[in-house]
Amino acid sequence: MQKELLIKNLIILDKAGINNDILFDIKNRFTKRNPNYDMLKMGGIEETQTEQFIKYYYETEDKIAVPRGSGSWLRYFLEERNIEVKVLDERIKRPQIDISLNFGVKCANGKTFNDLYPYQKNAVQFLKQNQQGILVADCGGGKTLTGLALMCEIKQPTLILVHTGDLANQWLKEIQEKTIGSASVGMMGLGSDNIRDI
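Residues numbered from 1 in each chain as written. Predicted model: local features only at pLDDT ≥ 70, side-chain atom pairs only at ≥ 80, totals over all residues. Heavy atoms only, no water.

## Remarks on the overall build of the chain
Here comes step 1: Along its length, the chain carries six helices and 13 strands.
Here comes step 2: The C-alpha atoms of the chain give a radius of gyration of 22 Å, which is well past the 16 Å a tight globule of 198 residues would have.
Here comes step 3: Each principal axis of the C-alpha distribution contributes one length, and for the chain these read about 60 × 50 × 30 Å.
Here comes step 4: Classification of the 198 residues of the chain by burial places 29% in the buried group.
Here comes step 5: In the form shown here, the chain has an accessible surface area of approximately 13,500 Å², with 51% of it arising from carbon and sulfur atoms.
Here comes step 6: Each charge sign in the chain was given a centre, from 26 positive and 25 negative side chains, and these centres are 5 Å apart. (Helix = DSSP H or I, 4+ residues; strand = E, 2+ residues; numbered from the N terminus. Rg over C-alpha atoms; globule rule 2.2 N^0.38 Å. Buried < 20%, exposed > 50% of the residue type's maximum accessible area, 1.4 Å probe, protein only. Areas by Shrake-Rupley, 256 points an atom, 1.4 Å probe, with all protein chains shown as cover. Lys, Arg positive; Asp, Glu negative; His and termini not counted. Charge placed at Lys NZ, Arg CZ, Asp CG, Glu CD.)

Structure representation (structure tokens):
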């Protein structure tokens, strides 16, 4: 049997011909206990509004959709059960933005920006090749610069989400200081409502 995995903002699988045990295992993989429910129960509160489980999948009569980051797992899972997988990538690809790293620039801290560290280059290549991932590094380990380098590699409009104004300003400073090109930079928040390439 061959099945298509359609990649959009989710991964969509047609359920036709897939037995119920396989579908149950997929749903089980993407169903987790709700910690809020457990906390209420431990506190002796009989709450009927809070769901006991959180489902990380969507299902219709003929399809099931799972988070896009689970594509490798789902493909492996199906192939292990002798279901051949054909991937159809229908993600939206925007026109490339004009942005590159500006090596040799003198930064505000007085240092010259010459290159990425090898571990940063490896992270950029891994994330570009896999088209997803989580970048983890110690404080001061260069996560912002690594993300900036990835953005310059893929040359796609980019949304950067941060939880503090300081981090938003840090990203803005790094983009202005370490990149060249005509890509425009906007900001949503901190009094701004300005959507641009980045």
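This is not the end of the story, as more comes after the structure.
## Overview of the packing of aromatic side chains
Here comes step 1: Going through the model one piece at a time under the given rule, you end up with three aromatic pairs.
Here comes step 2: Measuring from ring centre to ring centre gives 4.8 Å for Trp-73 and Phe-77, while their planes differ by 20°; the resulting arrangement is stacked. Highlighted residues: Trp-73 and Phe-77, both in helix α3 (residues 71–80), separated by four residues, approximately one helical turn.
Here comes step 3: Residue Phe-77 is classed as buried on the basis of its relative accessible area, which comes to 6%.
Here comes step 4: Here Tyr-117 and Tyr-119 contribute two aromatic rings whose centre-to-centre distance is 5.8 Å and whose plane-to-plane angle is 5°, an arrangement assigned as stacked. (Phe/Tyr/Trp six-rings, centres within 6.5 Å; stacked < 30°, edge-to-face > 60°.)

## Quick notes on the nonpolar core
Here comes step 1: Core analysis: the biggest nonpolar cluster contains 19 residues, and Ile-99, Leu-101, Phe-113, Leu-148, Met-151, Ile-175 and Ile-198 have the highest contact counts within it.
Here comes step 2: Where this core is concerned, the elements lending two or more residues are α4 (118–130), α5 (143–154) and α6 (165–178).
Here comes step 3: A per-element tally of this core places α5 first, with six residues.
Here comes step 4: In terms of nonpolar packing, the next biggest core, distinct from the first, is built from 17 residues, Leu-5, Ile-64, Phe-77 and Ile-83 among them. (Core = buried A, V, L, I, M, F, W, Y, C linked by side-chain atoms within 4.5 Å.)

## Considering the sheet that holds strand β6 (residues 63–67)
Here comes step 1: Across the sheet, which stays open at both edges, the five strands sit in the order β5-β6-β2-β1-β7 with mixed pairing between neighbours. Looking at which strands have only one partner, the edges of the open sheet turn out to be β5 (58–59) and β7 (84–89).
Here comes step 2: Of the strand pairs in this sheet, strand β2 (residues 10–14) and β6 are connected by five bridges, and their pairing is antiparallel. Across the sheet, the residue bridging to Ile-12 is Ala-65, located in β6.
Here comes step 3: Contacting β1 (2–7), β2, β6 and β7, α3 runs over the sheet at an angle of about 155° to β7. (Pairing = 2+ DSSP bridges. Contact = heavy atoms within 4.5 Å. Axes fitted to C-alpha atoms, helices over the stretch in contact; angles between N-to-C directions.)

## Re helix α2 (residues 35–42)
Here comes step 1: Capping the start of α2 is the job of one residue whose side-chain oxygen sits 3.0 Å from the backbone nitrogen of Asn-36: Asn-34.
Here comes step 2: One or two positions beyond α2, positive phi appears at Gly-44, with a value near 80°. (Polar contact = N/O pair within 3.5 Å; in protein donor to acceptor, adjacent residues only side chain to side chain.)

## Thoughts on the layout of surface pockets
Here comes step 1: Of the voids in this model, the second largest pocket is the one considered here, and its volume is about 480 Å³.
Here comes step 2: Mapped by element, the contributors of at least two residues to the lining of the second largest pocket are α6 and β12 (187–189).
Here comes step 3: With five residues, α6 is the single largest residue contributor to the lining of the second largest pocket.
Here comes step 4: The residue inventory of the lining of the second largest pocket, partitioned by class, reads 15 nonpolar, six polar and two charged. (1 Å grid on protein atoms, 1.4 Å probe; cavity = no way out; pocket = protein on both sides within 12 Å on 5 of 7 lines; lining within 4 Å. Points joined across faces, edges and corners; volume = space filled by probe spheres on them. Nonpolar A, V, L, I, M, F, W, Y, C, P; charged D, E, K, R; others polar.)

## Points about α5
Here comes step 1: Taking 1.5 Å as the rise per residue, α5 with twelve residues should run 16 Å; its terminal C-alpha atoms sit 17 Å apart, in good agreement.
Here comes step 2: Along α5, the positions that sit buried rather than exposed are Thr-144, Leu-145, Thr-146, Leu-148, Ala-149, Leu-150, Met-151 and Cys-152.
Here comes step 3: Looking at the buried residues of α5, the elements they touch are β8 (100–101), β10 (112–113), α4, α6 and β11 (179–180).
Here comes step 4: Following α5 by one or two positions, Lys-155 has its phi on the positive side, about 55°. (Expected span 1.5 Å × (residues − 1).)

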